Amino acid sequence: RPPSSSTGELLCGHPNRRHSLTLPRSSFVRSAECYRQLGEYEKVMEQCTLAVAANPSQRNARVKAHLRRGLACEKLERFQEAKEDFKLVIVEQTA
């Protein structure tokens, strides 16, 4: 899988000849959900962290990212991290 950056840029190709492809920032949230359904919870956490960084002004994307990251943390038995993400969801929903 090609590496991605927090700005929505996907780096593709041979390491010596990299090309960038700008993707919608919501792609991180969508890919996180795909990974969640596949049970790849570490990748869910990675994609959600990128989604939060890439979408600082989009509340809906942040809420989805924190919720999905919290669910992934729960599956990985990282309960304190899950609790922190779930608290952020509540804060975002009541703001």
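Cut-offs used in this document
Each chain carries its own residue numbering, running from 1 in the direction its sequence is written. Only residues with pLDDT of at least 70 are given local features in this predicted model, and only at 80 or more are side-chain atom pairs given and counted; all residues enter the totals for whole chains, interfaces and linings. Only hydrogens and water are removed before side-chain values are computed, so all heavy atoms of the structure are retained for them. The criterion is simple. A nonpolar core is a set of buried Ala, Val, Leu, Ile, Met, Phe, Trp, Tyr and Cys residues joined through side-chain atoms within 4.5 Å. Burial classes: relative accessible area under 20% of the type maximum marks a residue as buried, over 50% as exposed, and values in between as partly exposed (1.4 Å probe, protein chains only). Note on conventions: DSSP H or I runs of at least 4 residues are helices, E runs of at least 2 residues are strands, and numbering of each starts at the N terminus. Contact definition: two residues touch when any of their heavy atoms are within 4.5 Å. Basic side-chain nitrogens of Lys or Arg form a salt bridge, by our definition, when they fall within 4 Å of a carboxyl oxygen of Asp or Glu. The length a helix should cover is 1.5 Å for every residue beyond the first. As used in this structure description, the phrase polar contact means that two N or O atoms lie within 3.5 Å; if the pair is within protein, one of them must be able to donate a hydrogen and the other to accept it, and residues adjacent in sequence are counted only when both atoms belong to side chains. Orientation is described by axes fitted as lines to C-alpha atoms, over the contacting stretch for helices, and by angles from 0 to 180 degrees between their N-to-C directions. Note that the term roughly parallel is reserved for angles under 35 degrees, roughly antiparallel for angles over 145, roughly perpendicular for angles of 65 to 115, and oblique for everything else. Handedness of a helix crossing follows the sense of rotation of the near helix relative to the far helix, less than a right angle counterclockwise being left-handed and clockwise being right-handed.

J.: Is there a simple way to think about the nonpolar core in this case?
T.: Core analysis: the largest hydrophobic core is formed by 16 residues, its most contacted members being Phe28, Val44, Cys48, Ala51 and Ala72. Those elements that place two or more of their residues in this core are helix H1 (27–38), helix H2 (41–54) and helix H3 (59–75). For this core, the leading source of residues is H2, giving seven residues. Those residues within four positions of Val44 in sequence are excluded, and the remaining contacts are Ala32, Tyr35, Arg36, Arg68 and Ala72.

J.: What is the right way to read the pattern of salt bridges from this model?
T.: Two side chains with opposite charge may pair up if their charged atoms get near one another. Going through the model one piece at a time under the given rule, you end up with six salt bridges. A salt bridge links Glu40 to Lys43, with the nearest nitrogen and oxygen atoms 3.2 Å apart. Across the salt bridge formed by Glu42 and Arg78, the nearest N and O atoms sit 2.6 Å from each other. With Glu42 in helix H2 and Arg78 in the loop between H3 and helix H4 (79–94), the pair connects residues that are 36 residues apart, well separated along the chain. Here Glu42 falls in the partly exposed class, since its relative accessible area comes to 45%. Salt bridges sharing partners connect three or more residues here, namely Glu33, Arg36 and Arg68.

J.: Even after reading the chapter, I still don't get H3, so can you show me in this structure?
T.: Helical periodicity: at 3.6 residues per turn, an α-helix aligns residues three or four positions apart in one direction. Look at H3: 24 Å from first C-alpha to last across 17 residues, which is about the 24 Å you get at 1.5 Å a residue. The inward-facing, buried residues of H3 contact H1, H2 and H4. Phi turns positive, to about 60°, at Glu77, one or two residues after H3.

J.: Could you clarify how one ought to interpret the side chain of Arg69 in this entry?
T.: If you trace the backbone, Arg69 turns up in helix H3. A polar atom in the side chain of Arg69 sits 2.8 Å from the side chain of Asp85. Leave out the neighbours within four places in its chain, and Arg69 touches Met45, Cys48, Thr49 and Asp85.

J.: What exactly am I supposed to notice about the packing of H3 against H4 here?
T.: The geometry of a pair of packed helices is captured by two quantities: the angle between their axes and the separation between those axes. Following both chains from N to C, one finds H3 and H4 inclined at 155°, their axes separated by 8 Å at the closest point. Compared by their axis directions, H3 and H4 come out roughly antiparallel. Read as a crossing pair, H3 and H4 show a hand that is left-handed. Here Arg59, Arg62, Val63, His66, Leu67, Arg69, Gly70, Leu71, Cys73 and Glu74 of H3 lie close against H4, whose contacting residues are Phe79, Glu81, Ala82, Asp85, Phe86, Leu88, Val89, Glu92 and Gln93.

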